[in-house]
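# A look at the structure
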Amino acid sequence: MASNIILTGFMGTGKSSVGRRLANRLRRPFVDMDTKIEHQEGRSISEIFANEGESYFRDLERALVLEISGQEDLVVSTGGGVLMDPRNLADFRKSGTVICLCTTVDTILDRVMRDRKRPLLDCEDPRAKIEDLLAERQAMYQAVSIQVDTTGASHDEVCDRIINTAL
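The following refers to the structure shown. (Residues numbered from 1 in each chain as written. Predicted model: local features only at pLDDT ≥ 70, side-chain atom pairs only at ≥ 80, totals over all residues. Heavy atoms only, no water.)

We now examine a negative patch on the surface. On the surface, a cluster of negative charge is contributed by Glu124, Asp125, Asp132 and Glu136. For Asp125, the location among the structural elements is in the loop between helix H6 (105-112) and helix H7 (126-142). Overall, the relative accessible area of 42% leaves Asp125 in the partly exposed class. (Patch = residues over 30% accessible without salt bridge, like charges linked within 9 Å, V, L, I, M, F, W, Y side chains within 5 Å. Areas by Shrake-Rupley, 256 points an atom, 1.4 Å probe, with all protein chains shown as cover. Salt bridge = Lys/Arg side-chain N within 4 Å of Asp/Glu carboxyl O. Lys, Arg positive; Asp, Glu negative; His and termini not counted. Charge placed at Lys NZ, Arg CZ, Asp CG, Glu CD. Helix = DSSP H or I, 4+ residues; strand = E, 2+ residues; numbered from the N terminus. Buried < 20%, exposed > 50% of the residue type's maximum accessible area, 1.4 Å probe, protein only.)

This is the structure we're talking about:
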């Protein structure tokens, strides 16, 4: 069985953009979990959060993790909070190589403020929210043994780092 490559990490670290590029380079199918959930639900992540709440969204994520973990040869981009449920990391590890993308708070802020579809950052002080969420999630991201820094790197450079160090 060809194992999956699962890219995880905080929002704005490049999971979707790098994942698409990596999938193309490796000639593998690409799955963006947030996009797949939006298609399944027929509405945006922001709408799901607003109408059903974060808990409902996390249940959708959990079901998708189980589905993906039963497949092979994929490149997967996870949502930034998927590892809050430790079962998800365990299932991903069984199905492939898990890689955590990371970057600085300044880089995250710059990247995510271009895309206002971030329900967790719909607040007065997005920088403070990013810092709080990163602190809250630090242990779960650190639980991933392969860390790739995307700060100042092009998508191709990040793909090269992943291919050279993790695969």
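The structure having been displayed, the exposition proceeds.
Our focus in this paragraph is the nonpolar core. Counting residues in hydrophobic clusters, the biggest one holds 30 residues, and the most contacted among them are Phe10, Met33, Ile37, Ile68, Val76, Leu83 and Phe92. Listing elements by their share of this core, those giving two or more residues are helix H2 (33-41), helix H3 (45-52), helix H4 (54-69), helix H5 (86-95), strand S4 (96-102), H6 and H7. Residue contributions to this core peak at five residues, all from H4. Beyond its immediate sequence surroundings of up to four residues, Ile37 is in contact with Ile45, Ile48, Phe57, Leu60, Glu61 and Leu64. Among the nonpolar cores identified, the runner-up in size contains 14 residues, and Ala23, Val75, Ile99 and Ala166 belong to it. (Core = buried A, V, L, I, M, F, W, Y, C linked by side-chain atoms within 4.5 Å. Contact = heavy atoms within 4.5 Å.)

Tallied over the entire structure, the rule returns 13 salt bridges. Asp85 is the partner of Arg87 in a salt bridge, and the nearest nitrogen-oxygen pair spans 2.6 Å. Members of the salt-bridge network, linked through shared partners, are Arg21, Arg25, Asp156 and Asp160.

Here we take up unusual backbone geometry. A positive phi angle is found at Arg27, which is not glycine, with a value near 55°. With respect to the secondary-structure elements, Arg27 resides in the loop between helix H1 (15-26) and strand S2 (30-32). Here the phi dihedral of Asp73 falls at roughly 65°; this positive angle occurs in a residue that is not glycine. Along the chain, Asp73 turns up in the loop between H4 and strand S3 (75-77). Here Asp73 falls in the partly exposed class, since its relative accessible area comes to 28%.

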